[in-house]
Amino acid sequence: KREPQGTIRVGVVSVMLHVLRFLPAEEFHGQLPRLVHVLTEGLLSRDAGQRRAARFAAAHVVTALGSPYLPWLLREMRPRMTKGYAIPVLMMTAHTCLEGLVADELCMQAPTLQEDLNTATCQLLPLIELEVERLCDPTRLDNEADDRLPNQVNESKAVRGPTILRTLTKFADPELVQ
């Protein structure tokens, strides 16, 4: 089973991130993937509370480190979150991270913001395509008639792609989003 060893707390992730920042750059970039691995495990949990905490902690990591880390975070998480319920969970996490990033005034002043969001767009478009494929799947209509869907997670009940695209068109290169 995919249950993490402990509970993810946003405050603890915040403190860990603050401590990691004081490490030399090489060690910081060596330890940061471990933190993201813990967050990914939390996102893969069947417990909605664990996923919610991991999602908000991931958004905190992106806003604390800035716009260059959004595409990096997505690149780190995506290989482990490619099937089943993990896809909508990753979509909601990407949405939460992107919204947190554009809501942060300091992040919005970054000189590389548009370039970073362009890179994030390249990471997000395949996820949006997966979401559209899931929504257009004819077998999905047959399954929706069954109210007992035991494996359905809350994250899969809302479509995030249009909102992500709308946000990206405001801040990224419009040519990439079209």
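Up top is the structure.
All of these numbers come straight from a predicted model, not from anything done at the bench.

1. Quick notes on the overall build of the protein chain
Within the protein chain, the secondary structure is distributed over ten helices and zero strands. If you list the helices and strands of the protein chain from N to C, you get α-α-α-α-α-α-α-α-α-α. Taken across its 178 residues, the protein chain has 42% of its residues classed as buried. For the protein chain, restricting intrachain contacts to residue pairs at least 6 apart in sequence, the fraction spanning at least 24 positions comes to 79%. Entry remark: accessible area of the protein chain is about 9,900 Å², with carbon and sulfur atoms responsible for 54%.

2. A few points about the nonpolar core
By size, the foremost hydrophobic cluster in this structure holds 48 residues, and its most contacted members are L32, L39, L70, L73, M77 and M81. Those elements giving two or more residues to this core turn out to be helix 1 (10–21), helix 2 (25–43), helix 3 (48–65), helix 4 (69–77), helix 5 (86–103), helix 7 (113–136) and helix 9 (161–171). Among the elements that take part in this core, helix 5 stands out by supplying nine residues, more than any other. Discounting chain neighbours no more than four positions away, the residues touching L73 are V36, A58, V62 and C97.

3. Regarding the pattern of salt bridges
A complete count under the given rule lists three salt bridges for this structure. Between R80 and E41 there is a salt bridge, with the nearest N and O atoms lying 2.1 Å from each other. You can see R80 sitting in the loop between helix 4 and helix 5 and its partner E41 sitting in helix 2, a full 39 residues away along the chain. Take R80: its relative accessible area is 28%, and that puts it in the partly exposed class. Looking at E41, the relative accessible area reads 17%, which means it is buried. Its salt-bridge partner being E155, residue R55 comes within 3.0 Å of it at the nearest N-O pair. Residue R55 is found in helix 3, and its partner E155 is found in the loop between helix 8 (138–144) and helix 9; the two are separated by 100 residues along the sequence. Comparing R55 with E155, the two get one shared label, buried.

Cut-offs applied
Per chain, the residues get numbers from 1 upward, laid out in the order the sequence is written. Residues qualify for local features only when their pLDDT is at least 70, as the model is predicted, and side-chain atom pairs are given and counted only at 80 or more; totals for whole chains, interfaces and linings, by contrast, use all residues. Where side-chain values are given, they derive from all heavy atoms of the structure, hydrogens and water being excluded. Secondary structure elements follow DSSP: runs of H or I no shorter than four residues count as helices, runs of E no shorter than two count as strands, and numbering proceeds from the N terminus. The cut-offs for exposure are 20% and 50% of the maximum accessible area for each residue type, with area from a 1.4 Å probe on protein chains only; residues under the lower value are buried, those over the upper are exposed, and the others partly exposed. We call two residues in contact when some of their heavy atoms are within 4.5 Å. All accessible areas in this document rest on Shrake-Rupley with a 1.4 Å probe, and a residue is counted as covered only by the protein chains that are shown. To qualify as a nonpolar core, a set must consist of buried Ala, Val, Leu, Ile, Met, Phe, Trp, Tyr and Cys residues joined through side-chain atoms within 4.5 Å. Between Lys or Arg on one side and Asp or Glu on the other, a salt bridge is scored when a side-chain nitrogen of the former is within 4 Å of a carboxyl oxygen of the latter.

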